[in-house]
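# Breakdown of the fold
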Amino acid sequence: IEVETHIEPMEVREFGGEPADLAVVERITAALSQAAAHGGALREVHNVRVRIGPAGQYVIFHCHAAPNLTVAATHGHVDALERALRDRFPKVVRIVGHAEPA
């Protein structure tokens, strides 16, 4: 098995901003947890961080994936979770999800 990391650059102007208030973080955490529970492959959304920048909201989160999933399947589920969050919160302009086996 090979494991490769993939890092995507962000433009310097996007590093600014302030941490979102607790109510925003709680709403986004609840939405991520609900969407993850609906799909069933991802669970235990945690370490959710939200920043408010000039272009919108930036979200980073961690979650656990079912241990029997392949890396490709896990990636697909995380992508779907990210799309569901963007649909519900249009101000979110960037999401980084980190999944690890449960």
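Quick summary incoming for the structure in this document. (Residues numbered from 1 in each chain as written. Predicted model: local features only at pLDDT ≥ 70, side-chain atom pairs only at ≥ 80, totals over all residues. Heavy atoms only, no water.)

### As for the overall build of the protein chain
For the record, the criterion: Strands are runs of DSSP state E lasting at least two residues, helices are runs of H or I lasting at least four, and both sets are numbered from the N terminus onward. Accessibility here uses a 1.4 Å probe with only protein chains present; expressed as a share of the type maximum, an area under 20% marks a residue as buried, one over 50% as exposed, and anything in between as partly exposed. By the convention used here, residues are in contact when the closest approach between their heavy atoms is within 4.5 Å. The protein chains shown are the only cover counted for residues, whose accessible areas, like all others here, come from Shrake-Rupley with a 1.4 Å probe.
What the protein chain contains, in helices and strands, is two helices and four strands. A buried classification covers 31% of the 102 residues belonging to the protein chain. When contacts within the protein chain are restricted to residue pairs at least 6 apart in sequence, those whose partners lie at least 24 apart make up 59%. For the protein chain, the accessible surface area stands at approximately 6900 Å², while carbon and sulfur atoms represent 58% of it.

### A few points about the environment of A102
Take A102: it is sitting in the segment after β4 (92-101). In sequence terms A102 and L42 are 60 residues apart; their C-alpha atoms lie 8.8 Å from each other.

### Observations concerning unusual backbone geometry
Residues other than glycine seldom take positive phi values, yet E44 does so here, at roughly 55 degrees. Residue position: E44 is located in strand β2 (residues 42-53). Look at N47: it is not a glycine, yet its phi comes out positive at around 50 degrees. Residue placement: N47 occurs in strand β2.

### Observations concerning the sheet that holds strand β1 (residues 18-19)
Note: strands within a sheet are paired through backbone hydrogen bonds, in either parallel or antiparallel orientation. What counts is decided by this rule: Only strands joined by at least two bridges in the DSSP assignment are considered to pair. Helix axes use the C-alpha atoms of the stretch in contact, all axes being lines fitted to C-alpha atoms, and the angles between their N-to-C directions lie in the range 0 to 180 degrees.
The four strands lie next to each other as β1-β2-β3-β4, forming an open sheet whose pairing is mixed. The open sheet is flanked by β1 and β4, the only strands paired with a single partner. Packed onto the sheet, helix α1 (residues 22-39) meets β2, β3 (56-65) and β4 and runs at close to 145 degrees relative to β2. Of the strands in this sheet, β2, β3 and β4 touch helix α2 (residues 71-88), which is tilted by about 150 degrees from β4.

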